[in-house]
Amino acid sequence: VCACIHGDEYEGPRALQELARALEPEELQGTLVLAPVVNEGAMYAGKRCHPGDGKDLARTFPGRADGSVTERIAFTFRTRLLAGADYFVDLHSASSEFRIRPLAGYQMREGAVQEVQRRMAIAFGVDFVWGTPGLPGRTLSSAGEMNIPAIYVEMPGEGRCRPEDVAFVRRGV
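Residues numbered from 1 in each chain as written. Predicted model: local features only at pLDDT ≥ 70, side-chain atom pairs only at ≥ 80, totals over all residues. Heavy atoms only, no water.

Draft legend 1. Main features of helix H6 (residues 163–172). Along H6, the residues that are buried comprise Asp-165, Val-166, Val-169 and Gly-172. All buried residues of H6 lie within an arc of 125° about the axis, which places them on one face of the element. The exposed set on the far side of H6, more than 90 degrees from its buried face, consists of Pro-163, Glu-164 and Arg-171. On the buried face of H6, the contacting elements are helix H1 (11–22), strand S1 (88–93), helix H4 (112–124) and strand S4 (150–155). (Buried < 20%, exposed > 50% of the residue type's maximum accessible area, 1.4 Å probe, protein only. Helix = DSSP H or I, 4+ residues; strand = E, 2+ residues; numbered from the N terminus. Arc of directions from axis to C-beta. Contact = heavy atoms within 4.5 Å.)

Listed below in structure tokens is the structure:
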């Protein structure tokens, strides 16, 4: 589970921090990897994109090992974390400037993986679930290339990090 692909999305990182503190390891089955802040430079700047190159990490996957800072983040995340996943959840929000209705989405794919993704999106608990075409540069595109069931979740945003939105994300994860 990852959050803060964009530096101005706060509900996901907060929810993952709270979840990590509350989990009892002996109650887990399998391995849970939580990455509350993927785009650290953008987070510290409070901006959607990394200030080092101005690129949108959510449009940069699979990235490049020898690329710009954002391309290197995408490459490293994909090869070191995402590649080992059995399931993937990418947490977002409407950024600091907008407010949207919570939703969960997944990339439309052929076969059984699509049904697993649909069930994951429904299980998250939002009222609005949708399947989208594969779009280049996304974490979900990279997950799709590796046949990993994956969803993304959008929370209201506005940079407010409301406690009720954080609690909702935590329950969903």
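Draft legend 2. A look at the side chain of Arg-162. One can find Arg-162 in the loop between S4 and H6. The buried category is assigned to Arg-162, whose relative accessible area is 13%. If near-sequence neighbours (up to four positions away) are discounted, Arg-162 is found in contact with Arg-99, Pro-156 and Gly-157.

Draft legend 3. Structural view of the sheet that holds strand S3 (residues 128–132). If you trace the four strands from one edge of the open sheet to the other, you get S1-S4-S2-S3, paired in mixed fashion. With one partner strand each, in any of the chains shown, S1 and S3 form the two edges of the open sheet. Strand-to-strand, the axes of this sheet are offset by a mean angle of 20°, without reference to chain direction. Bridge count for S1 against S4 is six bridges, and the pairing is parallel. (Pairing = 2+ DSSP bridges. Axes fitted to C-alpha atoms, helices over the stretch in contact; angles between N-to-C directions.)

Draft legend 4. Spotlight on the pattern of salt bridges. Throughout the structure, instances matching the rule amount to 13 salt bridges. Put simply, Arg-170 and Glu-18 hold a salt bridge, and the shortest N to O gap is 3.7 Å. One end of the pair, Arg-170, is in helix H6; the other, Glu-18, is in helix H1, with 152 residues separating them in the sequence. Among the residues examined, Arg-170 registers a relative accessible area of 32% and is labelled partly exposed. Here Arg-64 ties to Glu-71 by a salt bridge, and the two come within 4.0 Å at their closest N and O atoms. Taking relative accessible area as the criterion, Glu-71 reaches 13% and is therefore assigned buried. (Salt bridge = Lys/Arg side-chain N within 4 Å of Asp/Glu carboxyl O.)

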